[in-house]
Structure formats: C-alpha cells, structure tokens
Amino acid sequence: MAAQKKQILLNAFNMACVGHINHGLWTHPRDRSSAYNTLGYWTDQAKLLERGLFDGLFIADIIGVYDVYGDGIDVTAREAVQLPVNDPTVMITAMAAVTEHLGFGVTINVHQEAPYTFARRLSTLDHLTGGRIGWNIVTGYLDSAHRAQSGGTLPAHDRRYDYADEYLEVLYRLWEGSWDDAAVRRDRAARVFSDPAHIRKVAHRGEFFAVDGYHLSEPSPQRTPVLYQAGASGRGRAFAGRHAECVFISARDTATARESVRAIRAEAVAAGRNPDDVKVFVGLAVIPGRTRAEAEAKRDEYLSYASPEAGLAHFSASTGIDFARYGLDEAIPYAPGNAIQSATAAAARRGLTKRDLLAELQLGGRYPVLTGDAVAIADELQAWIEEGEVDGFNLSRIVVPESFSDFIDLVIPELQDRGLYKTAYAKGSLRAKLFGQGDRLPARHPAEAHRHRGAPQRS
C-alpha cells in the first residue's frame with residue numbers, strides 16, 4: 001500500500017502596507033495594494049484565500065521605519081517600502097466575519113505592549129475568530145523602532161530573546177493557568193457567570209516583568225494562539241525549538257532549506273518536544289501561467305515595474321548596512337551586527353557586492369521566484385517538500401490580488417490532482433487544522449508547566 005503523500009500547508013504572505021516584499025509593484029496597473037487601508041481590500045482577499053483553501057493569511061509587521069539606506073527614508077517613502085504601515089490586528093475580525101476556516105497569523109513585536117494587556121488582545125481575537133488566530137513572535141531588529149518608542153537603542157540580539165522568553169512565560173501563565181475550563185458556568189438560575197474558585201491570580205516576578213493579576217479574558221478556543229516564529233540565528237533557533245509551532249525560514253534552494261529544517265527540529269527535540277511539533281514554511285514568490293511562455297511574459301512585465309533599489313533599502317535595514325555608501329563592485333565589509341544576523345551571515349558567506357544584490361533584487365524582493373506553467377511549478381513545490389523537507393510555503397504577493405488568484409486557479413488544481421493539497425478544510429481551530437491533534441497546545445509544550453493542576457482555590 002502506497003504511503004500517503006505529505007500535504008502542502010499554505011499561507012498567503014501580506015502586510016498592512018503598500019510595498020511588502022516585492023517592491024515597486026504598487027505601480028503596476030493591475031495592483032490593488034494601494035487600497036491596503038480599506039476594509040474591502042482585506043475582506044475580498046480573505047474570501048479569495050478561503051476559496052483556494054489556504055491555511056492562513058500570514059500578516060507581517062514592523063514598528064519603525066527602514067532608514068538605514070542612504071541614512072534616511074528617501075527611497076523608503078518614495079517607493080512605499082513598508083511605509084506607511086497600519087496596525088495588523090484591526091482588520092482580522094472583519095476577515096473572520098466573511099470566512100469560516102481561514103487562519104490568521106499576526107506579527108506583533110514583544111517590545112510593543114506589556115504582556116498583561118497583550119494576553120487579552122490575543123484572547124479576544126481567538127474568541128472572535130472562533131479559534132483561528134496565530135501569533136508571529138518577533139523580537140524586533142530596527143533601531144528606529146526603539147528610538148521612536150522610548151528614545152533608546154535596540155537591545156543586543158541575544159538579549160532580545162531573553163526578554164521574549166520571559167514574555168512568553170508570563171503569557172503562558174495568563175492564557176493557560178489563570179482560568180480553569182470549568183470557571184465559566186453561565187448559570188442564570190444560580191446567578192453564577194464565573195466560579196471564582198476556578199480563577200486564580202498570576203503572580204510573576206522576573207527580570208523584565210512583574211505581574212500580579214487575573215487574566216481578563218475567559219479561556220478562548222485555543223487558549224494560547226498558534227505560535228509562529230522566524231528567527232534563524234543560533235539563539236533564534238533555540239527559541240523556536242522551545243516555543244514555536246510554525247517557523248518561517250528563508251532559503252535560496254532546497255539544500256539550504258533542509259539544513260535549516262533539520263536544525264530547527266533538532267532544537268525542538270532538545271527542548272523535550274517531538275520533531276513534528278514544528279511546521280516549517282519557506283518564503284517563495286510564484287508567477288504561474290497557462291503555458292511557460294505566458295508565465296515568462298508575465299514575469300517580464302512585472303520586472304518592468306519592480307524597484308531593485310527599493311529592495312536594497314529593505315535589505316539595508318535587515319542587515320544594518322548602508323549599501324548606498326558602496327560602489328557597485330566594491331567589497332562590502334559584512335560583520336555580525338544587531339539586526340537580522342542570519343541575513344547578514346548569508347550575504348557574507350557569498351561575498352555579495354552591491355551589483356550582486358541588485359541583480360538578486362531585480363523583482364524587488366529576495367525570495368526565490370518560481371515561474372512556469374502549473375505542472376512546472378507543482379514539480380518545484382513538490383521538490384521543496386520532499387528534498388527541502390519543509391511543510392509548506394508563505395507565498396509573497398507580487399501583484400495583488402493577481403498573484404494569489406493565479407495560484408489558486410492554475411496551480412492548486414495540479415497539486416490536488418497529485419494528492420499534495422487538500423480538497424476541503426478539516427474541522428476545528430487553526431491548531432487542529434495544522435496538526436490534527438486538538439485545539440490546545442500538547443502537554444509536551446513548555447506552556448504545560450503553567451497549566452493549573454489540582455483542586456479549585458477557595459477564598
């Protein structure tokens with residue numbers, strides 16, 4: 001009997017801004033990204049993605065601006081390189097109202113809000129989406145964000161993860177330990193909505209946080225949202241191995257992806273979890289056509305609108321290096337910095353010059369671009385799954401909504417014919433759909449240590 005094929009997980013990758021990953025394409029006549037600040041843009045996209053049976057909409061975010069390139073925001077502002085950018089959480093309930101299954105992974109920086117109020121924000125979203133919320137945990141890499149918020153400077157890279165570890169500990173105590181499942185009775189006759197014997201105060205005193213209070217929300221369908229993370233440094237992988245359920249990686253090819261996937265799963269095992277407790281998604285851009293010639297013509301059309309320099313301004317912020325200072329073929333002194341260490345290290349290993357980077361950023365972004373008919377693209381996606389050992393993809397948008405609708409109409413039927421993609425949604429929460437093991441975190445996750453075990457408390 002043939003083994004069942006591994007089914008591809010799929011997120012659409014977007015951001016509450018005009019220019020996200022593939023920069024300059026906002027000028028394309030068919031692109032709708034400049035309508036990012038209208039509700040219809042998001043609800044239409046949610047309905048489209050649910051038609052394509054996407055597992056989720058992964059919403060990126062930054063707090064701060066890309067002001068490293070040219071020591072300012074000239075290119076960033078002109079080309080809308082993630083500026084302006086809106087709050088990524090506000091439109092989620094509207095999208096949830098027009099869909100039934102689509103999940104939402106929202107990026108929120110741990111330095112943005114105190115964990116006590118943040119816990120309520122995510123519990124509220126989990127309630128209102130019916131258990132379809134995920135949180136992409138980021139520690140930040142933009143010095144501009146810290147200057148804007150506090151006038152201070154960005155903490156050291158590994159120190160930011162120390163902060164995030166304690167942030168998660170507080171959240172686990174609130175989400176998992178403050179309210180028992182039996183706390184909410186809704187008993188009209190007895191006049192008991194919530195039984196105080198099943199609600200306990202969280203008392204935490206740590207290096208970064210002091211909390212003495214009750215979680216403000218009753219238990220939501222998932223309690224803890226699905227936990228996403230994207231750190232690829234050594235410290236980032238250790239953090240992912242302990243906490244993350246879904247990890248987003250960047251990789252130039254399947255060999256690089258496989259190396260990252262195995263390192264992440266090894267970290268999960270070292271943290272006492274199972275290797276398949278973590279789903280790994282790689283970022284890709286896809287340009288499909290009914291024929292290869294049609295796809296290549298579309299790619300050439302896209303290239304005529306793209307802005308490689310805007311992509312370079314984005315990459316400058318990612319590495320903390322002002323590439324505007326260097327000539328096209330001048331050697332760039334890459335060195336470990338305080339931004340995205342994995343991005344800097346990858347560029348340093350390859351000795352990329354400014355000319356090299358502009359060539360790689362010809363479509364305005366750094367993710368691999370798959371171009372071809374449905375069969376060719378399905379072949380490549382299957383190779384990423386089988387050879388790269390990833391579980392799925394974050395598909396970046398090039399032209400909106402065309403990038404997603406073309407993929408849905410052309411590629412997904414081919415994947416379904418191969419048994420590589422679902423033909424219907426599974427039941428349950430986002431976590432249940434992704435892992436098939438219930439709505440709540442498994443007992444081997446570190447959140448388990450903060451779940452209450454024992455008799456109800458009595459006042």
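Residues numbered from 1 in each chain as written. Predicted model: local features only at pLDDT ≥ 70, side-chain atom pairs only at ≥ 80, totals over all residues. Heavy atoms only, no water.

For the record, the criterion: UniProt positions are given in the numbering used here, feature names are shortened, and annotations may be inferred rather than shown by experiment.
By the naming in an unreviewed UniProt entry, the chain goes by Alkanesulfonate monooxygenase and is assigned to Methylobacterium phyllosphaerae. Taken from UniProt, the Sequence similarities (unreviewed entry) comment for the chain reads in full: "Belongs to the NtaA/SnaA/DszA monooxygenase family."

1. Thoughts on the overall build of the chain
To keep things clear, this is the line we draw: Working definition: helices are DSSP H or I runs of at least four residues, strands are E runs of at least two. Numbering for both runs from the N terminus. In this description the radius of gyration comes from C-alpha coordinates, and the expected globular size is given by 2.2 Å times residues to the power 0.38. Only protein chains enter the accessibility calculation, which uses a 1.4 Å probe; a residue is then buried when its area is under 20% of its type maximum, exposed when over 50%, and partly exposed in between. In what follows, a contact means two residues having at least one pair of non-hydrogen atoms within 4.5 Å. Using a 1.4 Å probe, the Shrake-Rupley method yields the accessible areas, and only the shown protein chains count as cover for residues. Just so you know, the count uses Lys and Arg for positive and Asp and Glu for negative, and it drops His and the chain ends. Where a charge lies is defined by one atom per residue type: Lys uses NZ, Arg uses CZ, Asp uses CG and Glu uses CD.
Scanning the chain for helices and strands turns up 15 helices and 13 strands. Computed over its C-alpha atoms, the radius of gyration of the chain comes to 22 Å, within 12% of the 23 Å expected for a compact globule of 459 residues. The principal-axis extents of the C-alpha atoms in the chain amount to approximately 70 × 55 × 45 Å. Counting the 459 residues in the chain, one finds 57% classified as buried. Counting contacts in the chain only where the partners sit at least 6 residues apart, residues at least 24 apart contribute 77% of the total. Working note: accessible area of the chain is about 18700 Å², and carbon and sulfur atoms make up 50% of it. Side-chain charges of the chain comprise 52 positive and 57 negative groups, with the mean position of each set lying 6 Å from the other.

2. What about the pairing of strand E7 (residues 202–205)?
Note the cut-off: In this analysis, strands are considered paired if DSSP registers two or more bridges between them.
A one-sided burial pattern is seen for E7, the buried positions being Val202 and His204 and the unburied ones Ala203 and Arg205. As judged from the 4 bridges shared by E7 and strand E8 (residues 210–213), these two strands associate in the antiparallel manner. When the bridges of E8 are listed, His204 appears paired with Val211. Linking E7 to E8, which pair antiparallel, is a turn of 4 residues.

3. Some details on the nonpolar core
For soluble globular proteins, nonpolar side chains are generally found buried alongside one another. Applicable threshold: Only buried residues count toward a nonpolar core, which is a set of Ala, Val, Leu, Ile, Met, Phe, Trp, Tyr and Cys residues joined through side-chain atoms within 4.5 Å.
Judged by nonpolar contacts, the single largest core of 84 residues is most densely connected at Phe54, Trp135, Leu381, Phe393 and Phe407. Among all residues touching Phe407, those that are not within four sequence positions of it are Leu10, Phe54, Val286, Pro288, Leu381, Leu395, Ile412 and Leu415. Core analysis: the second largest hydrophobic core is formed by 39 residues, Met15, Cys17, Tyr69 and Tyr367 among them.

4. A few points about unusual backbone geometry
The residue after Leu83, namely Pro84, is reached through a cis peptide bond having omega 0°. As for its placement among the helices and strands, Pro84 is situated in the loop between helix H2 (74–78) and helix H3 (92–97). For the bond running from Val400 to Pro401, omega is 0°, close enough to zero to count as cis. With a phi angle near 55°, Asp71 is a residue other than glycine that sits in the positive phi range. For Asp71, the location among the structural elements is in the loop between strand E2 (56–60) and H2. If you check the backbone angles, Arg191 has positive phi at about 55° while not being a glycine. Residue placement: Arg191 occurs in the loop between strand E5 (184–187) and strand E6 (192–194). A residue is classified by how much of its surface remains accessible, and Arg191, at 80% relative accessible area, is exposed.

5. Some words on the UniProt feature "binding site: FMN" (unreviewed entry) in the chain
Heads up, the rule is: For this analysis, a polar contact is any N or O atom pair within 3.5 Å, provided that within protein one partner can donate a hydrogen and the other can accept it, and provided that sequence-adjacent residues contribute only side-chain to side-chain pairs.
According to UniProt, the "binding site: FMN" (unreviewed entry) feature falls on Asp61, Thr107, His157, Tyr161 and Ser233. Relative accessible area serves as the criterion here: at 3%, Thr107 is assigned to the buried category. The contact partners of Thr107, leaving out residues within four places of it in the chain, are Phe58, Ile59, Ala60, Asp61, Pro88, Asn136 and Val138. For Thr107, the side chain forms a polar contact with the main-chain oxygen of Ile59, separated by 2.8 Å. With respect to the secondary-structure elements, Ser233 resides in the loop between strand E9 (226–229) and helix H7 (234–243).

6. A look at helix H9 (residues 292–303)
Going by this rule: The span you would expect from a helix comes to 1.5 Å times its residue count less one. Directions from the helix axis toward the C-beta atoms define the arc.
Its 12 residues give H9 an end-to-end C-alpha distance of 16 Å, which sits within 8% of 16 Å, the value for a rise of 1.5 Å per residue. For H9, the full list of buried residues reads Ala295, Lys298 and Tyr302. On an axial view of H9, the arc spanned by its buried residues comes to 60°, and they lie on one face. Residues of H9 that are buried sit in contact with strand E11 (279–289), strand E12 (369–373) and helix H14 (402–417).

7. Concerning the packing of H7 against helix H8 (residues 254–270)
As a reminder of what qualifies: Helix axes use the C-alpha atoms of the stretch in contact, all axes being lines fitted to C-alpha atoms, and the angles between their N-to-C directions lie in the range 0 to 180 degrees. Should an angle fall under 35 degrees it is called roughly parallel, over 145 degrees roughly antiparallel, and 65 to 115 degrees roughly perpendicular, with every other angle called oblique. Each crossing gets its handedness from the near helix: less than a right angle anticlockwise from the far helix is left-handed, clockwise is right-handed.
It is at 7 Å that the axes of H7 and H8 come closest, and there the two elements cross at 55°. Compared by their axis directions, H7 and H8 come out oblique. Between H7 and H8 the crossing geometry is right-handed. Packed against H7, whose contacting residues are Arg237, Ala238 and Gly241, the element H8 presents Ser260, Ala263, Ile264, Glu267 and Ala268 at the interface.

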